[in-house]
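The primary structure of each chain is shown beneath.
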Amino acid sequence: MVRFVLNLLWLIFGSGIALAIGYGIAALICFVLVVTIPFGVAALRLAYYSLWPFGRTLVAKPGAGLGSGLANVLWVVLAGWWLALAHIVAGIALCVTIIGIPFGIANFKLVPAAFWPLGREVMEVDDLRRPGTTTASVPAS
């Protein structure tokens with residue numbers, strides 16, 4: 001119930017909608033440019049994660065390999081560093097107020113996702129605790 005309330009407050013006051021729209025627009029641009037479709041998929045993953053971040057985490061995909069790593073390097077150069085910086089600045093600004101601390105922490109949680117998104121997937125925290133989960137049981141960040 002606490003996660004639901006935090007996610008609802010994040011959606012309205014913590015910039016969840018604005019982040020999701022921004023990542024969605026970036027995904028559309030990447031899809032139009034055809035060559036950058038993998039980055040568009042990553043941007044949609046970030047939109048999904050930034051829309052409802054409490055109770056979710058990023059885990060490494062077991063099948064991600066060298067291609068994801070090389071694409072992440074390109075992502076960092078083109079977009080990742082300024083997205084991560086924006087999340088850091090927003091997180092610091094939100095942590096200045098006591099009521100904004102959970103939202104600041106959520107922004108800090110989005111930094112690794114914005115910086116290095118390919119080769120990861122968003123999973124529910126409760127799914128990681130279930131026995132028999134096929135994905136890596138240790139969060140990537």
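Use the structure listed above.
Residues numbered from 1 in each chain as written. Predicted model: local features only at pLDDT ≥ 70, side-chain atom pairs only at ≥ 80, totals over all residues. Heavy atoms only, no water.

Q: I keep staring at the packing of aromatic side chains and nothing clicks. Help me out?
A: Each aromatic ring pair is described using two quantities: the centre-to-centre distance and the angle formed by the ring planes. Tallied over the entire structure, the rule returns five aromatic pairs. Where tryptophan 10 meets phenylalanine 103, the ring centres are 6.1 Å apart and the plane angle is 35°; that geometry is what we call tilted. Linking tryptophan 10 in helix H1 (residues 2-12) with phenylalanine 103 in helix H5 (residues 101-115), this pair joins segments that are 93 residues apart in sequence. Of the two residues examined, tryptophan 10 and phenylalanine 103, each falls in the buried class. Between phenylalanine 54 and phenylalanine 103, the ring centres sit 6.4 Å apart and the planes meet at 70°, which makes this aromatic pair edge-to-face. (Phe/Tyr/Trp six-rings, centres within 6.5 Å; stacked < 30°, edge-to-face > 60°. Helix = DSSP H or I, 4+ residues; strand = E, 2+ residues; numbered from the N terminus. Buried < 20%, exposed > 50% of the residue type's maximum accessible area, 1.4 Å probe, protein only.)

Q: Looking at this structure, how should I read the nonpolar core?
A: In globular proteins that are soluble, nonpolar side chains generally tend to be buried together. Within the largest apolar cluster, 22 residues are counted, with the highest numbers of intra-cluster contacts made by Trp10, Tyr23, Phe39, Tyr49 and Leu83. The set of elements that each furnish at least two residues to this core consists of helix H2 (16-32), helix H3 (37-51), helix H4 (66-95) and H5. Setting aside residues no more than four positions away along its own chain, tyrosine 23 makes contact with Ala43, Leu46, Ala47, Ser50, Leu83, His87 and Ala114. (Core = buried A, V, L, I, M, F, W, Y, C linked by side-chain atoms within 4.5 Å. Contact = heavy atoms within 4.5 Å.)

Q: Looking at this model, I keep getting lost on unusual backbone geometry. Mind explaining?
A: If a residue is not glycine, its phi is most likely negative; likewise, a peptide bond is most likely trans. One non-glycine residue, valine 34, lies in the positive phi region at around 40°. Take valine 34: it is sitting in the loop between H2 and H3.

Q: Help me out: how do you make sense of the packing of H1 against H5 in this one?
A: Packed helices, taken two at a time, are described by their axes: the angle between them and the distance between them. H5 packs onto H1 with a crossing angle of 80° between their chain directions and a minimal axis gap of 11 Å. Taken as axis vectors, H1 and H5 run roughly perpendicular relative to one another. Where H1 approaches H5, its residues Leu6, Leu9 and Trp10 are matched on the opposing element by Pro102, Phe103, Ala106, Asn107 and Leu110. In terms of residue class, the contact of H1 with H5 is made up of seven nonpolar, one polar and no charged. (Axes fitted to C-alpha atoms, helices over the stretch in contact; angles between N-to-C directions. Parallel < 35°, antiparallel > 145°, perpendicular 65-115°, else oblique. Nonpolar A, V, L, I, M, F, W, Y, C, P; charged D, E, K, R; others polar.)

Q: What exactly am I supposed to notice about the environment of phenylalanine 39 here?
A: By the element assignment, phenylalanine 39 lies in helix H3. Judged by relative accessible area, which is 10%, phenylalanine 39 ranks as buried. Once the C-alpha coordinates of phenylalanine 39 and leucine 74 are considered, the two residues, 35 residues apart in sequence, prove to be 9.7 Å apart. Ignoring any residue separated from it by four or fewer positions in sequence, one finds phenylalanine 39 in contact with Cys30, Ala71, Leu74, Trp75 and Leu118.

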